[in-house]
Amino acid sequence: MSVWKARDRGIVENRHRASDLSEKRQVGKKVLDVVALVTSFLRFYPATRQAPLKDQHYVVFERTYVMTTLALSSLASGISGSGDGASNTLSSSPFSTSSQALSQALAAYCAAVDPTAGTAGEGTKPPPPSSFLPTSSQDASIPHLNTVLLHVQRSKRFDELVGQMGPYLTSEEGRVRTRAAALLGEILNRLPKLPLTCAAVHHFVDFFSSRLSDFPSVAGSLLALRALLQHHGGAARKEADVIARAVFKDVHVPSMTQTIRQRAFEVLFEMTGALEEEEKEDEQPQQPQRKGGDESSSTIPTSLLGMQTDFIRGLIDSGEGEKDPRCLILFLKVIGRAQSSFPEAADALIEAVFDVTACYFPITFTPPPNDPYGITPDMLAQALREALTSRPSMAPLLLPLLVDKLTSTHVPAKLEALLTLQTAVRTLGVHTMRLNLPALTGALFQEVVSCPEAAVVSHALETCRVLAAHLSNPDDANVIGRGKRRERTGSSSKSRNKKIKEEADVAAESCIDSNKETQETREGADLSRPDERALAEADWQAFLLEIVQKAVSEVKANPDSLKGRASARLLTSIARASARAYSAVLKATIPITLQLVMAGKKSKPGRVLEEEEGEKHQAALLLLVDLVESVDPSLDFSATAEGPPISPYVPQLYATLLECLSSPASGPALLAVKGLASLATRSPSDLLSFSQMSSLVPLFTARLQAEERSVGPAYDPDLAQSLLQGLMALSSRRKMYTIAVLTHTLPELLTWMDEAAAAGAAGERKGGTDTTTTTTTTTTKCSIAAVANGVRASDKSSGNSSSSNGLELERCLGALATLAGQAEVFQAVVPSLLNRVLVSPPTGGAPVGVEGEGWTKGGQVISSALKGGEGVTQILSSLASIFVSTSEANPAALPALLALPPSTLPASFISPSSAATGTAVDVGKEPSATAASSPSSSSSSSCLWSLLTALLSSAAQGRILDDAALEATLRIFGAVTEALPPTLQDLFAFRLLRFFFPSSSSFLSSSSIFDVLDPSPPPAPGPSITGLQPLLPSTYPSQAQALSLLLTVLGSLYISSPIFASSGIQDALLPALIRLTLSEAQEADSRSSPTGSYSTSAPLSSSSCFPDPACWGVALVVNKTAKEEVVAEAVATLLSGFKQRLATATSCSNSSSCSNSSSSSSDSILATARKDVASLIWLAKALALRCAPKKSMEEAVSSLIYVAGCPGGTGTGEREVESAEIEPSSARLALARQAAEGFGLILRDAVPSSSSSLPSSSSSSLIERLLAPRPGTSRVNPLWRQRLYYLAFPRLREAVDKHRARSQAKAAALLAVCTLVGSLPQAVIQAELEPIMLVVLQGMSSVSSKSGNNDSSNGSEEEEVEEKEIVVVLRARATETFVALVKNSPEAVVPHLATAIPLLYQLCTPSDPHFLPKAKLRVLALGSLMEIARLPYAKLHPYRATVSRGLLAPLDDRKRVVRQMAVKVRNEWMMMDR
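This structure is a prediction, so every number in the text was calculated from the model and none was measured.

## Notes on the overall build of the chain
Looking only at helices and strands, the chain has 65 helices and six strands in total. Expressed as a percentage of contacts within the chain between residues at least 6 apart in sequence, the contacts between residues at least 24 apart total 78%. For the chain, the computed accessible surface area is about 63100 Å², with 54% contributed by carbon and sulfur atoms.

Below, the structure is given as structure tokens:
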């Protein structure tokens, strides 16, 4: 059969070939006739084009010429020889294979005829009007347009298509010509790479320009011209004058529709430089020139130079009365560029240009919501500014307008006037404003000192700064000579304009040093003329000196008034403009300000602390500090003889600020700290002498200690923070300050810390025998000499209370933590603090030899011990804050602290032990044997490793850290591990694991890796700590903190670590964790705990709300393990044990058999059940994050749903017999609530690692962070939340429906659903709005079954309390979720208004069973009513009266915030129809 089919197919193909060949021969016979006709017309056309024909005749000849030229080229390209050369035949044209389809597409698109009625081929007449059908819609014409585009793209012959379009372009029907021109425009627009020769582009430009006289063809012709200019700009711009004359002559732009107006302005804009190509030029400034004479896209075509005046006048006529923002922004850009390109013509017509553009000032535009065009008010305003500031001749017309707007009361007009003035200064130059400078000066000063609007004042200050910058240097040719230089240019390019603006911005941003100006920058301005320099100096006098004198007068009269403070800001702003302006401001301001400061101190010698310094004194001091901070750090005057402008005033400023630093008042001292720090660090050249610079760090340290020792109202945390920031600024600016901080500040703070810690431990301050109380003035006042010598002020008012000692220790540690942000200080502070929490090991009876860092001979480790006491906990918390905030910034210092091989360490740093002498300690040198194991040795480089071994040794001895100390320790090692590079992470984790598995080498998945990384591996069987066995069930309760440390380190490793792919995970660690997880819950030991940081009681209590380390450790390892088969096996073992024990607990709680047993046994069973549920939650989170293995994840989530679903009845496990009459017990409800709230924990992200306010629990926040979806450290599927939702939501809904008759079980299941939904991302919620809304409304309407029922025979009091708690939590979660739904999708509530609206005000009614006890939730419920009130009024009208009555109860709520919200909501509902 296949042979016969192939033969038939061949016969058919041969017939088609024969018919095509005969058709080609017939067409070929007519070629000579067509060629003769075309040739005769071409001979006649040139003479005809020169003759003075009428416009109508000219258009006819033009069309005929283009069509015949295209026809001739098409025929010529179609003739080719045959294969054997014996006979010539006409080869198939590009459209011959589908000419019928193309003809039908053209007819359907252009003439809108029925394609089945006939075919309009080449040379055929257009169809008669009777065959026209109604015009097709845009969607219907898209397939026809795509057909034509596909043919043209394949054939690359646009000229042939134009020939075929002839009948439609010359049709008598206007709509046919409209569609035909639009088709050609769309093709040129959508095919930017269409190959067109320069001659073809020339003909097409002439053709489409002539078509502009035909109104139906205007839109399509403009689109085609824009496409030619945009995609074939080089050749098309040569004919720019033809296009411009045609647009201005044949198209009356203001009377056209918006589409035509926009296309006309786009054509004009493309002539003067395309926006897209300008942006490309910014990225690639130098582009090669196109072939064929293509000009730069941003250069004005030379053909337009002959019609400059006509072009400007045509633009003015075209843009008159334009209001559409899409057209207006193009018009403003075009006229702005035209002014820069045609300066002579623009100056001649400058009044008309000003009239047509200034009418929009200030431009106001409010874009519609979801504007698809993206035009903003700022874009329009920027275009208008450029149009108004393009020519210097515009200044005499523009500046009076700006002054008038500045003196108005309209704030937007003021802002726009100031922004336009800044642009004018940068682009036009100050010399153009000479006549208007006095008026501008007065207006700007009034705006600064009198305007109540902060935005206006800010822009006015910036305008003054820009003006001062451009007036500062009379030798700056870029500022003064720019107008003349721009006037001499005949055509302006984008690069030149960009260079001018950049130079002006540089002049405005910083001082322009005349000595650094080159001869090229001065070119173009003849500043050697005396009159030019005199005028520039007059401008300087007219503006800058005048406004400075006005501001100084206000400051001198009333420095603390609103005008005085505003004048001070004005002086500071002008001082930042340039060196010359800075010098003028200092000369006029410093003497008066110093006089005010000193007068303020002398007039109030003996006043108390709050009244000693007056407002005038502090305002003047603030001005001094602002002037000091105005020093430009980018200008170095060290090579000049004069030096910085502030140099003559430095001695007086230093003395004044130093005296203010000793002030008992915190305000002047705070300003003095800022001023002294700025004097020392702002200028690149030294402003202070060596002795002055050397005394700053002791001065700051002395005042810091005096401030930190203050108590009560005398303590100012802002001043203490300012002093710390000043010390950090000094240490980061110069090396000498760093050495001073290390040798003076750190020893002082460490000594103070030791005194505070010792006094707190002894109950009294060392040396503080005088317990009398003195006045505040005696307590805090210290003389200038005491501060200069670094002597701390006497502070006897704090007494000897232990609370004040603890407060001092806390402040001192906070200061050390802040200073540790510097790398050198970090390397000195951390070992010092670690040494203060460790006790050195005993010297006798222990091995001495050490074979490596941290390892000892014989496998035993000489470990330090942790000190006890509250001070140790505070130091550990401070260390945690330091490591969390600075570990990533100091990665090179961490390996040495952990006794790891140094990767990249600084050559040396100054340790606290040698800080007093200033000697440097080499940290690159390997520590000695004693140093590796003892933190008290001369080298403290491995002190963090000593802290780790001390914690493990304490756990081995049964000494348990309190929660705060353990939390701080875990945060330390978690942050340090995360900051290490991956190789050192693996080495550190492996060394830690060897303590837990001393005889196991299975963690070396690839022995060569760790052999290379570990320079001195321990001898077999490895190091050990006597008694450390936290993985045994018998010792686990007392050593669980050691396991917490190990799991924290493992949780901070990258998932690519080879440890998680080793056999040790499968054979040792994971089985041990499973055994500990499935062990029975341990009760808290009743032994008394000693004072301090240690406790001998077990940390795992049956009442704990969080799982023990084994529970979350299993989840962590399950998430990170690489082998899925290992994960599946471990999960199966865990779930089997969980199901058995949960079934036992459920059976015990639901039956009466446990009532006869001892209460301790029942409590132990329930404690184990709570532990199992917590473990199940963490396990489900770990599996849900990685979404693999799929079966294991489904089983874990299903088990959690089973517990949250609260099944009732008798039986065990999955064979439990359901009973509709039996309600779950209180214990079973507690387990269901724990499981339900677990869904929120699963979906919740982690607490940020930088959070300093972690709860007191040692595991809660840390576990959430370790098991969070963190990239790189946990296996996370991007769609894990969506998969969890689609797995859990249907099953929970099923549980809710199954428990309709059991209110308590239904409430537990609804709590699980609402908790799940409340933590979902919005993308999932939006896709499942309807089912989620139904469940949320069910949760909001839930009430306790015992409400209003005094009969307690149906259940115990515990069950009733538990059920009420669940229902209250359920309503709260459902309300929070409902508020989020209403806020994001208010239309989703419309089908449920009858249910939702009564529920919302019932939740706020105290007498209603749905009442929410928390005021925050009641406010949220009322806020939902406010959101619903924005729905269409027709849908809300039936509920107005009901809502008005329902809100009467919230109006009398006991909380004011609820009453206020109720008033707003009721008013909104009552007034919604108005």
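## With respect to the packing of aromatic side chains
A complete count under the given rule lists eleven aromatic pairs for this structure. With a centroid separation of 5.8 Å and an interplanar angle of 55°, the aromatic rings of F265 and F331 are classed as tilted. Of this pair, F265 sits in helix α13 (residues 258–271) while F331 sits in helix α16 (residues 325–341), and the two are 66 residues apart along the sequence. Accessibility classification places F265 together with F331 in one group, the buried group. Arranged with centres 6.4 Å apart and planes meeting at 70°, the rings of W945 and F988 form a pair that is edge-to-face. In this pair, W945 is assigned in helix α43 (residues 943–956) and F988 in helix α45 (residues 982–996), connecting sequence segments 43 residues apart. As far as the burial class goes, W945 and F988 line up, both buried. One aromatic cluster is present, built from ring pairs that chain together W945, F973, F988 and F995.

## A few points about unusual backbone geometry
Going from F361 to P362, the amide bond is cis rather than trans, its omega being -10°. Residue position: P362 is located in the loop between α18 (350–358) and α19 (377–388). Although it is not a glycine, K156 adopts a positive phi angle of roughly 60°. Its location among the elements puts K156 in the loop between α5 (138–155) and α6 (158–164). Relative accessible area serves as the criterion here: at 41%, K156 is assigned to the partly exposed category.

## Digging into helix α49 (residues 1109–1120)
Helix length check: α49, at twelve residues, gives a terminal C-alpha distance of 16 Å against a target of 16 Å (1.5 Å per residue), a fit within 8%. Residues of α49 that are buried include every one of P1109, A1110, C1111, W1112, G1113, V1114, A1115, L1116, V1117, V1118, N1119 and K1120, and no others.

## Considerations on the nonpolar core
Within the largest apolar cluster, 394 residues are counted, with the highest numbers of intra-cluster contacts made by F883, F1378 and I1428. Among the elements that take part in this core, helix α51 (residues 1159–1186) stands out by supplying eleven residues, more than any other. The contact partners of I1428, leaving out residues within four places of it in the chain, are F1378, V1382, V1389, L1393, I1397, L1400, L1436 and W1469.

## Looking at the packing of helix α60 (residues 1393–1402) against helix α61 (residues 1415–1428)
As a packed pair, α60 and α61 sit with axes 8 Å apart at the nearest point and diverge in direction by 140°. In terms of their interaxial angle, α60 and α61 are classed as oblique. As for the relative orientation of α60 and α61, their crossing is left-handed in sense. Each of L1393, I1397, L1400 and Y1401 in α60 lies in contact with α61, whose residues at this interface are A1421, S1424, L1425 and I1428. When its residues are assigned to classes, the contact of α60 with α61 shows seven nonpolar, one polar and no charged.

## With respect to the packing of helix α44 (residues 963–979) against helix α47 (residues 1036–1051)
Contact geometry for α44 and α47: axes closest at 9 Å, N-to-C directions at 25°. The angle between α44 and α47 places the two elements in the roughly parallel class. Between α44 and α47 lies a crossing of right-handed hand. Between α44, through L966, L970, F973, G974 and T977, and α47, the contact on the second element is made entirely by Q1041, S1044, L1045, T1048 and V1049. In the contact of α44 with α47, the residues fall into five nonpolar, five polar and no charged.

## Focus on α47
In the structure, α47 departs most strongly from a straight axis at A1042, where the bend amounts to approximately 35°. Where burial is concerned, most of α47 is hidden: 15 out of the 16 residues are buried.

## Things to note about the side chain of R703
Residue position: R703 is located in helix α33 (residues 690–708). According to the relative accessible area criterion, R703 is buried, its value standing at 4%. Here S663 takes part through its backbone oxygen, which lies 2.7 Å from a polar atom of the side chain of R703.

## Some thoughts on the pattern of salt bridges
Overall, the coordinates contain 26 salt bridges when judged by the stated rule. A salt bridge links D310 to R313; the shortest N-O distance between them is 3.6 Å. One end of the pair is D310 and the other is R313, both in helix α15 (residues 308–318) and three residues apart, which spans about a single turn. By relative accessible area, D310 is classed as partly exposed at 39%. Note that R709 and E755 form a salt bridge whose closest N and O atoms lie 3.8 Å from each other. Remark: E755 occurs in helix α35 (residues 735–762) and R709 occurs in the loop between α33 and α34 (717–733); sequence separation between them is 46 residues. Among the residues examined, R709 registers a relative accessible area of 7% and is labelled buried. Three or more residues joined by partner-sharing salt bridges are found here, namely R157, D159 and E160.

## Comments concerning the environment of G185
As for its position among the elements, G185 is in helix α8 (residues 174–190). As for G185 and L222, which are separated by 37 residues in sequence, their C-alpha atoms are 7.7 Å apart. Sequence-distant contacts of G185, that is, excluding residues within four places in its chain, are made with G220, L223 and A224.

## Considering the confidence of the model for the chain
The predicted model of the chain averages 75 in pLDDT, with 69% of residues at 70 or higher. Across residues 764–800, where pLDDT falls below 50, the model places 56 contacts with residues more than four positions away in sequence or in other chains. Here residues 904–939 is modelled with pLDDT under 50, and outside its nearest four sequence neighbours on either side it reaches 60 contacts, counting other chains as well.

## Overview of the environment of D1245
Here D1245 lies in the loop between α53 (1226–1243) and α54 (1260–1266). Residue class for D1245 comes out partly exposed when judged on its relative accessible area of 44%. If we skip the residues at most four places from it in the chain, D1245 touches E1264, P1269 and R1281.

## With respect to the environment of S472
As for its placement among the helices and strands, S472 is situated in helix α23 (residues 454–472). Taking the C-alpha atoms as reference points, S472 and A584, separated by 112 residues in sequence, lie 9.9 Å from one another. Once you skip the residues sitting within four places of it in the chain, S472 turns out to touch W540, S578, R580 and A581. A polar atom in the side chain of S472 sits 2.3 Å from the side chain of S578.

Calculation rules
- Residues numbered from 1 in each chain as written.
- Predicted model: local features only at pLDDT ≥ 70, side-chain atom pairs only at ≥ 80, totals over all residues.
- Heavy atoms only, no water.
- Helix = DSSP H or I, 4+ residues; strand = E, 2+ residues; numbered from the N terminus.
- Contact = heavy atoms within 4.5 Å.
- Areas by Shrake-Rupley, 256 points an atom, 1.4 Å probe, with all protein chains shown as cover.
- Phe/Tyr/Trp six-rings, centres within 6.5 Å; stacked < 30°, edge-to-face > 60°.
- Buried < 20%, exposed > 50% of the residue type's maximum accessible area, 1.4 Å probe, protein only.
- Expected span 1.5 Å × (residues − 1).
- Core = buried A, V, L, I, M, F, W, Y, C linked by side-chain atoms within 4.5 Å.
- Axes fitted to C-alpha atoms, helices over the stretch in contact; angles between N-to-C directions.
- Parallel < 35°, antiparallel > 145°, perpendicular 65-115°, else oblique.
- Left-handed = near helix turned anticlockwise from the far one by under 90°.
- Nonpolar A, V, L, I, M, F, W, Y, C, P; charged D, E, K, R; others polar.
- Bend = angle between axes of the 7 residues up to and from the residue.
- Polar contact = N/O pair within 3.5 Å; in protein donor to acceptor, adjacent residues only side chain to side chain.
- Salt bridge = Lys/Arg side-chain N within 4 Å of Asp/Glu carboxyl O.
- pLDDT = per-residue confidence, 0-100.

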